[in-house]
Each structure stands twice: as C-alpha cells, then as structure tokens.
Amino acid sequence: MMHFAKKIVLGAVALVTAVPSLVWAGGGEKVDQLIIVADTRVINNAFVKYIADLYNTNTLLFAVWAVVLTAVYGAFLGFLMDFIMARTGLDLKSRKLVEH
Amino acid sequence: MKRSLLGFFLALTAAFFMTATALAADVAQGKVLSMDTATNILTIEEFDTHKSADHPYGRPTGVTADYKIEKQTLVGIKPQPGDVVRIAFKTQGTERIAVRIMNVSKQDLRKK
Amino acid sequence: MDWLYIYMPIAGMDILWPGLVLIGFSVGVIGGFFGMGGAWMVTPGLNILGFPMAFAIGTDIAHIAGKSMVSTMRHSKFGNVDYKLGFVMIIGTMIGIECGAQLIMYLERLGIVGGVVRWVYVVFLALIATMVFYDFYKAEQKKRAGIVEGEKGTEGITWYKTLHKIRIPPMMHFKAAGFTCSAWLPIMVSFATGVLAGFLGIGGGLLRMPALVYLIGCPTHIAVGTDLFEVMISGLYGAFTYSMKGRIELVAVFVMLTGAAIGAQIGTVATKYAKGYGIRILFGCAVLACMVSIILKQYGFSNSAAVVVLGAISIISLYICVIMLRGAAQELRDKKAQQAASRI
C-alpha cells in the first residue's frame, strides 16, 4: 500500500496548488452570500423542528449541537457494535495471514 | 478512557439541554411586493405550503405582511419586488422582525 | 412511492433514503475492508442523490467525525499516537480545513461550486485508481519474478531526511516518533491535507498517512495512530465549521452513520477471510465507477449517474458481505466441530 504513496503526495500537492488558481480564473467580483432558511412550516417531527428552528435562530448553538450529537451518536454506535460483535462467537482477535 | 469520554459527553449533552432555551422563530414564504430601503420594511404576499408544478413555491394566499429588517438580520441575495423569499422572523408586539431572509427564487439550490 | 423519500429540513428537499442508507453502509463495508476511509464516494454520492454540493461536503465531513468516534470507542484508543506531534498538527489541520471550507463558500457565491468540486474529484479519483492498479500490477510482477516483499516495502524513500535539515525555529523533538525537526514541517503537511479535507469533505488519511511516513519521517505504527487521531479532530472541526456556515444536514448524517457503523463491522471481519490480492482490482473499479458517475452528473445525466454509483458500490459491498458471511459460517462450523470432537 505504502509504496505508491510518493505519487499520492505529489498528486496532493498538485491539487492543493490547482484549486486556488481555478478560483481566480472564476473571477474575483464580490457576490452576495447565500442565506438558507429552514422551512419549519412543513416539519412535524418535534426534534427535527427544534434543530431546524435552531438553524434559523442560533447558528452557534446549532453547530455545537451538530458536533456533540454526531460525536455522541458515533460513540453510542461504537459501544453497541462492540456489544454485538462480542456475541457473534467469532474470533476477532487473531487473523490467519492468507494473502501475500 | 471509554467511561470518562462517555461521561464527558453526557455531561455536555445535559448542560445543553438545560441551557438550550431556543427562542423559536416562525417562518413565512412569499412574493416580495415592495422593499423600502429607507424604512427597511419588506412587504410580501404570503404563500401557503402546497407546492405543485404550477406553484413550485406554494400558492398565493392574498395575505400581505410587513417585515422589519434590522442591522443583525442575515440577508442573502438582495430581495427585489417579484422575488420569492423565505423569512424566519420573531414577533415583538405587533411587529414582525426578520432574523434571516433567503431569496428562494434567485438561489435555486437544486442547481448547485 | 412517497415513502421512499425523506424530507431534508435544511436543504429543503426530498431525498431517496434507501440511497442514503446504501451509501452509508457501503462506505462502512468498503472502508472497513480496505482499511482506508471510503469518504471519497460520499460527497459525489450525496451530490448525485440531489444534495447541493456544499451540503454534500458538510454532511460527509460530519459523518467522518461520527465514524471516527465509532472506531475510537470500539478500540478504546487510537493506538500509538505521538500526542505532541498530533497537537502540533491540529494547528495546521484546523487552519487548512477552514481554508478549504471558505474556498467552497466562495465558489458557492460565484455559483460554480458544483462543477469545480466535481472536476477536482474526477482528478482525485483518477489518481487513486491509477495508484490501485499500478500497485496491483507491481505486486503481480513481483510475484511472477518470485520476489517476496518484506514487511517494510518502503524502497528507502528518505525525503524526510532532507526535510529534517530545514532548521526554521521553533525546532521540536517528538519523543514517541523519535525525531527532531522544525515545527513548521508537520504544520505545513497537516495544512495541505487539511485544505484538501475541507475542500473535498474527506478525512485526509489517504494523504496524511504517506505524508507522515515519507515527508515527516514517522515510524509506520506511530503514523497510523496519529493519523486516526487527526482524522477525528479534522472531522469534528469540519462538522463544526460547516454547521456554522449552515451547510450540513444532520438527518442525513445520522442515517448514514447508522449504515456505516454496521457496514464497518462486516468489512473489518471480512478482511479475516479474504484471500489474495485480486480484490484490490474490485476497489479500483469502484473508484472508476464513481468517477464515471461524477462526469455523468456534470453533464446532466443525474439518473444514470445515480444508477452507476449506487450499482457499483452495492455490488462491491455485496461481494464483501458474501466473503464475510461464508467465512464466519465456516468458522462457527469449525468451532462447533471442534467442541463436538473434544467432548467425545
């Protein structure tokens, strides 16, 4: 895996330098920012409505919630999967080396 | 490690549940009738939420309403008469104060 | 057919939810199996399902944060992390992600974000596909020549030795990794990967890992752990900054995360039973299919693009699932037979 890494790195450098030049090619005029309003009129689910409302009124709290909820849900799934996989009866520690 | 991390996140979650007294805002959508730059009042004719091929942004209800644009109001692409906008607003007394204004017809996200 | 669609409250559009589950699940299976993140298929996939490009990137990066939490919890730790190096790199990573995200927002204002990101993705995926096929070709050649590759097949690339000679203060010593260099070296490397991560909505491990080994001079095991640590930080910060910019769809993040967590277990277990090197070809084909679908989308064939990308990733994940189920069934059967034999 690692020995074509040299080229990946080179490619990355090329991409990083190519992107800004693409932007300048797009023209530098000042344009209005895009604001989005979540349409809370059509949401029935209370939790989703709360999140959408937060999006409209308090962006910082929305962002903190987004990060915390994602992290907590990820951690929860991690625990759950650990719990389930331990009960399948499969040996997850050792691995026979069959390739190479 | 596992436990302390979980405890940390639980505490954080609990803290936010308690402090998160979000001030709910209402949302309205409709066609801009006028935009008074002197008084910063935006007047729209409200649409309902029934979208169809003929009325992609909802059907006109005939109800007009004024929205006050303040300094901290987030305004996207400048609303002009004829544009369809979506406004998140708070009501103070009888006055409706815009929090965010989205120019729905001029920034069709579907094309991005 | 309304029940097949779920309303995205912020982007304000109806999205095919089985498509979301499929993308999440496949990214988990493929990422778990090949040991490298599959985030490269999420941004294009979401875009093809109908998300505006900025939303696709924000949602992808948030799902990476969640997924890295899953694996961190599963293993209770990152492994071998040089925390000092990790924290120094956080500076570059965060600034880089912010730059990448700002660039996306700027392109969005210009109204060209979709096209630009799609073409950058085409180049990026073409690069990955080339690497995979080249690597396979090399391995085949070696096999034919009868050369057994050692554990360390790095072919002695020692660029980092030259880079360590740059003595711009502050100089830093990293104990766990065992080298001394100018702090600017890891910062610049993490900045570059951060920009790319923020711009494409990927974890950046694909680039950060080799960069850590070849440019910074980390021992491989330290590089793996430090990279995982960095992916988590970059995912969490990316999720935060894209939320602040209002370009994230939490409902989609949760749907995908659920699929990804299950898929990752299947993918990881399947590696135990997989034989041979040929499966890498399948991976290369998935990358190519994804690339083709992006080009189709760019020219307005959204439906065929969706069919190509969803079809390709379902076939490959189905194949991996079959490997896993067969292997697992065999193992359980053997175990039972052994128990029965020992009882007699």
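Quick caveat: nothing in here was measured; it's all calculated off a predicted structure.

### A look at the overall build of chain A
Next up, step 1: Scanning chain A from N- to C-terminus turns up three helices and zero strands.
Next up, step 2: When the elements of chain A are put in sequence order from the N terminus, they spell out α-α-α.
Next up, step 3: Taking all 100 residues of chain A together, 43% fall into the buried category.
Next up, step 4: When the accessible surface of chain A is totalled, it reaches about 5200 Å², and 65% of it is carbon and sulfur.

### Looking at the pattern of salt bridges
Next up, step 1: Evaluation of the coordinates by the stated rule reveals eight salt bridges over all chains.
Next up, step 2: We note a salt bridge from B:Glu46 to B:Arg96, for which the minimum N-O separation is 3.0 Å. Of this pair, B:Glu46 sits in strand 2 (residues 41-47) while B:Arg96 sits in strand 6 (residues 95-103), and the two are 50 residues apart along the sequence.
Next up, step 3: Overall, B:Glu46 belongs to the buried group, its relative accessible area being 18%.
Next up, step 4: Accessibility expressed as a relative area gives 27% for B:Arg96, which makes it partly exposed.
Next up, step 5: One salt bridge connects C:Glu98 with C:Lys245, and the closest N-O pair in it is separated by 2.8 Å.

### Side note on a nonpolar patch on the surface
Next up, step 1: Residues A:Phe76, A:Leu80, A:Phe83 and A:Ile84 make up a contiguous nonpolar surface patch of about 360 Å² in total accessible area.
Next up, step 2: Position of A:Phe76 relative to the elements: it lies in helix 3 (residues 59-86).

### What to know about the state of the cysteines
Next up, step 1: Scanning the model with the defined rule gives zero disulfides over all chains in all.
Next up, step 2: Here C:Cys218 stays free of any disulfide, with the sulfur of C:Cys181 as its closest cysteine sulfur at 9.2 Å.

### Section: the nonpolar core
Residues and elements named next belong to chain C.
Next up, step 1: With 114 residues, the main nonpolar core has Trp 40 and Leu 125 as its most contacted residues.
Next up, step 2: With residues up to four places along the chain from it excluded, the contact list for Leu 125 reads Trp 40, Val 287, Cys 290, Met 291 and Ile 294.
Next up, step 3: Counting residues in each nonpolar core, the second largest holds 20 residues, with Ala 177, Cys 181, Ile 187 and Met 209 among its members.

### Considering the interface of chain A and chain B
Next up, step 1: On the side of chain B, 34 residues touch chain A, which itself brings 26 residues to the contact.
Next up, step 2: Summed over both sides, the interface between chain A and chain B buries roughly 2600 Å², with carbon and sulfur atoms accounting for 66% of that surface.
Next up, step 3: Where B:Arg86 meets A:Asp39, a salt bridge forms, and the shortest distance between an N and an O atom there is 3.8 Å.
Next up, step 4: Viewed at the interface, chain B and chain A are joined by six residue pairs in polar contact (both at pLDDT 80 or more).
Next up, step 5: It is helix 3 of chain A that provides the largest number of residues to the side of chain A that touches chain B, a total of nine residues.
Next up, step 6: Residue classes in the side of chain A that touches chain B are distributed as 16 nonpolar, five polar and five charged.

### Overview of the packing of helix 5 (residues 113-145) of chain C against helix 11 (residues 279-298) of chain C
Two numbers describe a pair of packed helices, the interaxial angle and the distance between the axes.
Residues and elements named next belong to chain C.
Next up, step 1: Interhelical geometry of helix 5 versus helix 11 gives an angle of 160° and a closest axis separation of 9 Å. Accordingly, the angle class assigned to the pair helix 5 and helix 11 is roughly antiparallel. The interaxial crossing formed by helix 5 with helix 11 has left-handed handedness.

### Quick word on the packing of aromatic side chains
Next up, step 1: Applying the stated rule across the entire model yields 13 aromatic pairs over all chains.
Next up, step 2: Note on C:Trp40 and C:Phe283: the rings are 5.8 Å apart at their centroids and 85° apart in plane angle, and the pair reads as edge-to-face. Of this pair, C:Trp40 sits in the loop between helix 1 (17-34) and helix 2 (42-49) while C:Phe283 sits in helix 11, placing them 243 residues apart in sequence. Each member of the pair, C:Trp40 together with C:Phe283, is buried.
Next up, step 3: A:Arg87 extends its terminal NZ or CZ atom over the ring of A:Phe83, reaching a point 3.9 Å from the ring centre.
Next up, step 4: For the cation-ring pair, C:Lys84 lies above C:Phe174, with the distance from its terminal atom to the ring centre recorded as 5.8 Å.

Criteria and thresholds
- Position numbers for residues count from 1 along each chain, tracking the sequence in the order it is written.
- Think of it this way: whatever chain is written first is A, whatever ligand is written first is 1, and the rest follow in order.
- Under the rules for a predicted model, residues below a pLDDT of 70 receive no local features and side-chain atom pairs below 80 are neither given nor counted, while totals for whole chains, interfaces and linings still include all residues.
- Hydrogen atoms and water are omitted, and side-chain values are computed over all heavy atoms in the structure.
- Elements are defined by DSSP. Helices are runs of H or I of four residues or more, strands are runs of E of two residues or more, and each kind is numbered from the N terminus.
- The buried label applies to any residue whose accessible area, calculated with a 1.4 Å probe on protein chains only, is under 20% of its type's maximum; exposed applies above 50%, and partly exposed to all values in between.
- To measure how exposed things are, a 1.4 Å probe is used in the Shrake-Rupley method; for residues, cover is taken only from the protein chains shown.
- Whenever Lys or Arg places a side-chain nitrogen within 4 Å of a carboxyl oxygen from Asp or Glu, that contact is recorded as a salt bridge.
- A residue counts toward a patch only above 30% relative accessible area and without a salt bridge, and it is joined to like-charged neighbours within 9 Å or, for Val, Leu, Ile, Met, Phe, Trp and Tyr, to nonpolar neighbours within 5 Å.
- We call a pair of cysteine sulfur atoms a disulfide whenever their separation is within 2.5 Å.
- In plain words, nonpolar cores are sets of buried Ala, Val, Leu, Ile, Met, Phe, Trp, Tyr and Cys residues tied together by side-chain atoms within 4.5 Å.
- Working rule for contacts: check all heavy atoms of both residues, and any pair within 4.5 Å makes them a contact.
- Here the quantity called buried area is the total loss of accessible area, with a 1.4 Å probe, experienced by two parts when brought into contact, counted for both.
- Polar contact is defined as a pair of N or O atoms within 3.5 Å, subject to the rule that within protein one atom must be able to donate a hydrogen and the other to accept it, and that residues adjacent in sequence are counted only when both atoms are side-chain atoms.
- Gly is placed with the polar residues, together with every amino acid not listed as nonpolar (Ala, Val, Leu, Ile, Met, Phe, Trp, Tyr, Cys and Pro) or charged (Asp, Glu, Lys and Arg).
- A fitted line through C-alpha atoms represents every axis, and for helices the fit uses only the stretch in contact; the resulting angles, taken between N-to-C directions, go from 0 to 180 degrees.
- Roughly parallel refers to an angle under 35 degrees, roughly antiparallel to one over 145, roughly perpendicular to one between 65 and 115, and oblique to any angle outside these ranges.
- Crossing handedness follows the turn of the near helix against the far one: under a right angle anticlockwise gives a left-handed crossing, and clockwise gives a right-handed one.
- Think of it this way: a Phe, Tyr or Trp ring, Trp meaning its six-membered ring, pairs with another when their centres are within 6.5 Å, and the plane angle makes it stacked under 30 degrees, edge-to-face over 60, tilted otherwise.
- In our convention, an over-ring charge means Lys NZ or Arg CZ found within 6 Å of a ring centre and within 35 degrees of that ring's normal.

Don't take any of this as a statement about function, it's just geometry.
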